[in-house]
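Each chain, letter by letter, is given below.
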Amino acid sequence: MTTIAEGLAGWAADLKPESIPWSVRTTLRRLLLDSGGLMVASRGRDYVAVCRDAAEAEGACTAIGHRGGFLSSDAALISGVAIHGEDYDDTFEGTPVHVGAVAVPATLAAAEKAGASGADLLRGLAAGGELACRMALVAPTAIHRAGFHPTAVIGALSAALSTSTVLKLEPRQAAAALGVAGSLASGIIEYLAEGTSTKRLHPGWAAQSGLRAAALAARGFSGPHTVFEGEHGFFRAFAAPEIPRDFDRLTSGLGETWLLEGLAFKPYACGTMVQPFIDAAIALRERGIRPDEIAEITAPTAEGIVHRLWEPLTEKTRPTTPYSAKFSVPFGIALGLHEGRAGMAQFTSEAIAAPGLLALAKKVRYEVDPEDPYPENYVGEVRATLTNGETISARQPHLRGGRREPLSEEEIRAKFRANAGFGAWPEALARAYEGFCEEVFDLPSLAALEQFRN
């Protein structure tokens, strides 16, 4: 009987560039563009510098925005940390998982090191990215409930399939790589307690783990082919047992239905489920509601996000770090009402300490809504009670930037340019990277990546 890993490995090995729908190809091109802008925007951050300085040797691979070459594992680690570092990267709706922060670093490093073509890069991104989305739906919310970061643990297997596809491993080797990656997967969510940097580490570590798993499997190292459905497999180890598993999600319609098509690109530099609340708050602001008119703010919310985005309320209403502020619905609501935007500049140490902003965040409280559709849909509602007793509300019915209301091509390009500018990239280099993303899947190699080593 064919195991799930064997079925996925066979599908990925047979995947042809021409069989990948144009819509998926477009999504993956945008993924490269969005991820590249984020690598540049974050390159000056201390947590990226630490990862870069920890690299032990020079190599043949590019970490976009950084001088010199790196070993493939170091390039993947640095790039994954940089893409995800400000939580401004893409996400998948369901169990939220960040696809680009894992798939892009892993496939770029594997392809550049191996001298693979742009078509191979496309195949790798498509295979690994689709697997990440499908894994997210096997047991929605169960990975978070078990205390793990979905991007971290799912990402290791996703990167293993991406890398195996780029390197054209035989199906039995790719299945072994998935099995090995199951033992390399890691990433707990205790970062929530203090707003520490370990969440930033997770995608880069997952990308690096996938590269290592594929390299081992290519040389004959074995891994369990029952890594998904086995008695001691991935979903037994990393997912809360009370949530039912639907393993058919991994293979049903594979190659015909592409979940990647619905990948969401974020309009704001913060946690995914915070974003609809920001949009609702901005809607109130645009109706002329002033912060000094507000006596109290109430937000109906899903029980499933309370432990991550609402509690402890003392930290969420007065975040101690810019990173902690990114995972606070009260702060996000205050930001939408007070500033009307939530980009990179709104999450600095100075910005999050603004007295007016904190005074507004302190007025926010939540009510658990048992009818909230999370995780099938991410909604945000803000009810402002004014000092005159009037209550005014606004509701964002879905994640803007997601499958129900995707960002336009120009919005994604504008986001890239803003992030490249934030990272002090010359306009000419930013334009060159846009051009690279337009043609990369048709290039004979990724040698052009070297021009982005600065």
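Please refer to the structure placed before this passage.
What counts and how
- The residue numbering used here restarts from 1 in each chain and proceeds along that chain's sequence as written.
- Selection of residues for local features in this predicted model requires a pLDDT of at least 70, selection of side-chain atom pairs for listing and counting requires 80 or more, and totals for whole chains, interfaces and linings are taken over all residues.
- Based on all heavy atoms of the structure, the side-chain values leave hydrogens and waters out of the count.
- Between the rings of Phe, Tyr and Trp (Trp by its six-membered ring), a pair exists once the centres lie within 6.5 Å; its type follows the angle of the planes, with under 30 degrees stacked, over 60 edge-to-face, and the other angles tilted.
- The way it works is that DSSP assigns letters per residue, a run of H or I at least four long becomes a helix, a run of E at least two long becomes a strand, and they are numbered from the N terminus.
- Only protein chains enter the accessibility calculation, which uses a 1.4 Å probe. A residue is then buried if its area is under 20% of the maximum for its type, exposed if over 50%, and partly exposed in between.
- For a ring to carry a charge above it, either NZ of a lysine or CZ of an arginine must fall within 6 Å of the ring centroid while also lying within 35 degrees of the normal to the ring plane.
- Strand pairing is assigned whenever DSSP identifies at least 2 bridges connecting the two strands.
- For helices, the fitted line uses only the C-alpha atoms of the stretch in contact; every axis is such a line through C-alpha atoms, and the angle between N-to-C directions lies from 0 to 180 degrees.
- Contacts are assigned to residue pairs that have any heavy atoms within 4.5 Å of one another.
- To sort the angles, those under 35 degrees are grouped as roughly parallel, those over 145 as roughly antiparallel, those from 65 to 115 as roughly perpendicular, and the leftovers as oblique.
- Left-handed describes a crossing in which the near helix is turned anticlockwise from the far one by less than a right angle; the clockwise case is right-handed.
- Side-chain classes follow a simple rule in which Ala, Val, Leu, Ile, Met, Phe, Trp, Tyr, Cys and Pro form the nonpolar group, Asp, Glu, Lys and Arg form the charged group, and the remainder, Gly included, forms the polar group.

A. Structural detail: the packing of aromatic side chains. What the rule picks out here adds up to 16 aromatic pairs. Seen from their ring centres, Trp11 and Trp258 are 5.8 Å apart, and the 50° between their planes marks the pair as tilted. Of this pair, Trp11 sits in helix H1 (residues 4-14) while Trp258 sits in the loop between helix H11 (234-237) and helix H12 (275-286); the two residues are 247 residues apart in sequence, bridging distant segments of the chain. As far as burial versus exposure is concerned, Trp11 and Trp258 are alike and both buried. Here a set of aromatic residues connected by ring pairs shows up, and it is made of Phe148, Phe234, Phe235, Phe238 and Phe247. For Arg200, the ring lying beneath its charged end belongs to Tyr323, and the centroid distance is 3.8 Å. Here the guanidinium or amino end of Lys326 rests over the ring plane of Phe347, the centre of that ring lying 4.5 Å away.

B. Layout of the sheet that holds strand E2 (residues 294-301). Within the open sheet, the four strands sit side by side as E3-E2-E4-E5. Their pairing is mixed. Of all strands in the sheet, those with a lone pairing partner are strand E3 (364-368) and strand E5 (391-396), marking the two edges. Looking at each pair of strands side by side, their axes are set apart by 20° on average, direction ignored. One ladder, built from six bridges, connects strand E4 (residues 380-386) with E5; its direction is antiparallel. Bridging across to E5, Glu381 finds its partner in Arg395. Those strands touched by H12 are E2, E4 and E5, and its axis lies near 40° from that of E4. Along the sheet, helix H16 (residues 329-338) contacts E2, E3 and E4; its crossing angle with E2, the most-contacted strand, is approximately 125°.

C. Up close: the pairing of E5. Burial of the side chains of E5 is restricted to one face: Ile392, Ala394 and Gln396 are buried, whereas none of Thr391, Ser393 and Arg395 on the reverse face is. Counted between consecutive antiparallel strands, the loop separating E4 from E5 contains four residues, among which Gly389 sits at a positive phi close to 95°.

D. Summary view of the packing of helix H18 (residues 409-422) against helix H19 (residues 427-439). At their nearest, the axes of H18 and H19 sit 10 Å apart, and the two run at 140° to each other. The angle between the axes of H18 and H19 places the two elements in the oblique class. As for the relative orientation of H18 and H19, their crossing is right-handed in sense. Within the contact between the two elements, H18 uses Glu409, Arg413, Phe416, Arg417 and Ala420 and H19 uses Ala430, Tyr433, Glu434 and Glu438. Tallied by class, the residues present in the contact of H18 with H19 amount to four nonpolar, no polar and five charged.

E. Local environment of the environment of Cys270. Structurally, Cys270 can be placed in the loop between H11 and H12. The sequence separation of Cys270 and Lys316 amounts to 46 residues, and the corresponding C-alpha distance is 13 Å. Setting aside chain neighbours within four positions, we find Cys270 in contact with Glu86, Asp87, Gln275, Ile278, Lys326 and Phe347.

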